[in-house]
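In case you want the letters, here they are:
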Amino acid sequence: MLLTVTDLRKSYPAGDNPVTVLNGVDLTLDAGQSLALTGESGSGKSTLLHLIGGLDLPDSGAIVLNGADIAGLDDKGRAAVRRGTVGVVFQQFNLIPSLRVADNIAFHARLAGRHDPAWAARLADRMGLTAHLAKFPEQLSGGQQQRVALARTLAARPQLVLADEPTGNLDEATAATVMDLMLELVAETGAALLIVTHSDRVAARLDRRIHLARGRVT
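Everything quoted here is computed from the prediction, not taken from an experiment. (Residues numbered from 1 in each chain as written. Predicted model: local features only at pLDDT ≥ 70, side-chain atom pairs only at ≥ 80, totals over all residues. Heavy atoms only, no water.)

(A) Seen up close, the pattern of salt bridges. Scanning the model with the defined rule gives nine salt bridges in all. With a closest N to O distance of 2.3 Å, R78 and D75 form a salt bridge. Placement of both R78 and D75 in helix 2 (residues 75–84) is noted, with a separation of three residues, approximately one turn of the helix. Taking relative accessible area as the criterion, R78 reaches 6% and is therefore assigned buried. With a relative accessible area of 57%, D75 lands in the exposed category. For the salt bridge of R126 with E184, the shortest nitrogen-to-oxygen distance reads 2.1 Å. Here R126, found in helix 4 (residues 117–126), pairs with E184, found in helix 6 (residues 172–189); they are 58 residues apart in sequence, far enough to count as distant. (Salt bridge = Lys/Arg side-chain N within 4 Å of Asp/Glu carboxyl O. Helix = DSSP H or I, 4+ residues; strand = E, 2+ residues; numbered from the N terminus. Buried < 20%, exposed > 50% of the residue type's maximum accessible area, 1.4 Å probe, protein only.)

What follows is the structure, encoded as structure tokens:
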């Protein structure tokens with residue numbers, strides 16, 4: 001089992017009455033498996049993704065990733081997990097505007113000490129980005145930027161890929177192309193994939209699906 005989440009709880013301050021976002025969430029994910037996380041806005045999907053990715057800390061509960069409970073790690077430890085084990089694809093792309101496409105793709109792999117020029121070139125080719133490697137992100141379309149973000153994540157060969165509405169800002173045809181590439185290349189690397197999505201069409205393409213409502217799995 002690559003990932004086990006147990007009784008995860010998270011709330012945020014809101015005056016005298018904290019807002020409970022996650023209220024005892026449990027889930028598991030095997031290596032190489034894909035999982036869709038669905039739910040209404042405000043159900044806690046993105047919060048759960050951020051906790052699993054080590055971007056935030058839970059109030060209580062366990063997040064055991066590759067045998068280690070990352071919920072108990074400090075900032076430095078969680079940053080090391082993000083560099084070495086987890087890759088995150090955001091809806092807003094989060095590319096570095098001052099870096100060219102080639103350097104954006106290589107960025108996380110360099111941080112992880114796993115930059116492989118041949119693998120980066122293969123990803124760029126599969127993403128249709130080879131002709132754009134010398135460009136800056138602002139010179140690309142939204143679909144091209146999301147493909148750069150996906151290539152950047154996969155270039156580091158993470159064991160777990162987290163994607164937060166990765167096609168939410170794309171038109172239907174471009175979204176379908178990006179999903180095709182994501183599923184194909186994640187499977188090729190053997191990574192597990194957890195996608196937050198509002199799309200039934202996207203969810204139906206993954207191995208499993210769980211639904212969050214009022215901070216709990218239903």
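(B) Spotlight on the packing of aromatic side chains. One pass over the full model with this rule turns up zero aromatic pairs. Lying over the aromatic face of W119, R157 brings its terminal NZ or CZ to 4.2 Å of the ring centre. (Phe/Tyr/Trp six-rings, centres within 6.5 Å; stacked < 30°, edge-to-face > 60°. Lys NZ or Arg CZ within 6 Å of the ring centre and 35° of its normal.)

(C) Spotlight on the sheet that holds strand 3 (residues 34–39). Here six strands make up an open sheet; going across it, the order is 6-7-8-3-9-10 and the pairing mixed. With partners counted over all chains shown, the strands left at the sheet margins are strand 6 (86–89) and strand 10 (216–217), one partner each. The strands touched by helix 1 (residues 45–52) within the sheet are strand 3, strand 7 (160–164), strand 8 (192–196) and strand 9 (208–213), with strand 7 carrying the most contacts at an inclination of about 150°. (Pairing = 2+ DSSP bridges. Contact = heavy atoms within 4.5 Å. Axes fitted to C-alpha atoms, helices over the stretch in contact; angles between N-to-C directions.)

(D) Inspection of unusual backbone geometry at higher detail. Notably, N94 is not glycine yet its phi reads approximately 55°, a positive angle. Tracing the backbone shows N94 in the loop between strand 6 and helix 3 (101–111). Assessed through its relative accessible area of 42%, N94 is described here as partly exposed. A positive phi angle, near 55°, is found at R214, a position not held by glycine. For R214, the location among the structural elements is in the loop between strand 9 and strand 10. Since its relative accessible area comes to 81%, R214 is described here as exposed.

None of this, on its own, says anything about what the molecule does.
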